[in-house]
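An overview of the molecular structure
The lines below spell out each chain.
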Amino acid sequence: MGCPIDIICDKGYGAALMMREQKLKASVLGMTSNLSCPITIKMRTGWDMAKPFAHELVPKIQSWGVEGIGAIMVHGRSRLQRYMKEADW
């Protein structure tokens, strides 16, 4: 959920997956049930700077009780900040 590139997000993947909770949950469950190692989840702060929501999504992911999530990391930029704008650490 860290990729901000249009061609990826336009298909509902990358950072856009942050806004597709059921698809995200299915993806996490699929990965953890098929891998023997912990997975890590990387996401951006949200879609744009004005409305960050990673702080709400992380507890939701944790509430799913999925075994096999080793870490959740938040990139300090929104999707629309891409890679160039100043990060909000």
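A brief report on the enclosed structure follows.

1. Some words on the state of the cysteines
On inspection of all chains with the given rule, the structure shows zero disulfides. For the unlinked cysteine Cys3, the closest cysteine sulfur is that of Cys9, found at 5.9 Å. Classification of Cys3 by relative accessible area gives partly exposed; the value is 26%.

2. With respect to the pattern of salt bridges
Tallied over the full model, the rule gives three salt bridges. Put simply, Arg82 and Asp6 hold a salt bridge, and the shortest N to O gap is 2.7 Å. Residue Arg82 is found in the segment after β2 (69–75), and its partner Asp6 is found in helix α1 (residues 6–9); the two are separated by 76 residues along the sequence. Its relative accessible area of 28% is what places Arg82 among the partly exposed residues. Of the charged contacts in the structure, one is a salt bridge between Glu21 and Lys60, with a shortest N-O distance of 3.2 Å. Of this pair, Glu21 sits in helix α2 (residues 21–34) while Lys60 sits in helix α3 (residues 54–63), placing them 39 residues apart in sequence. Using a relative accessible area of 28% as the deciding quantity, one classes Glu21 as partly exposed. Lys60 sits in the partly exposed class, given a relative accessible area of 38%. Here the salt bridges do not stand alone but share partners, grouping Asp6, Arg79 and Arg82 into one network.

3. Examining a nonpolar patch on the surface
A contiguous nonpolar surface patch, about 650 Å² in accessible area, is contributed by Ile5, Ile7, Ile8, Tyr13, Tyr83 and Met84. The topology assignment puts Ile5 in the segment before α1.

4. A few points about the pairing of β2
Examined bridge by bridge, strand β1 (residues 39–44) and β2 share six bridges and lie parallel to one another. Pairing of Ile39 across the sheet is with Ile69, part of β2. The parallel pair β1 and β2 is bridged by α3, and the resulting crossover is right-handed.

Parameters and conventions
Residues numbered from 1 in each chain as written. Predicted model: local features only at pLDDT ≥ 70, side-chain atom pairs only at ≥ 80, totals over all residues. Heavy atoms only, no water. Disulfide = S-S within 2.5 Å. Buried < 20%, exposed > 50% of the residue type's maximum accessible area, 1.4 Å probe, protein only. Salt bridge = Lys/Arg side-chain N within 4 Å of Asp/Glu carboxyl O. Helix = DSSP H or I, 4+ residues; strand = E, 2+ residues; numbered from the N terminus. Patch = residues over 30% accessible without salt bridge, like charges linked within 9 Å, V, L, I, M, F, W, Y side chains within 5 Å. Areas by Shrake-Rupley, 256 points an atom, 1.4 Å probe, with all protein chains shown as cover. Pairing = 2+ DSSP bridges. Right-handed = clockwise from strand over helix to strand, strands pointing away.

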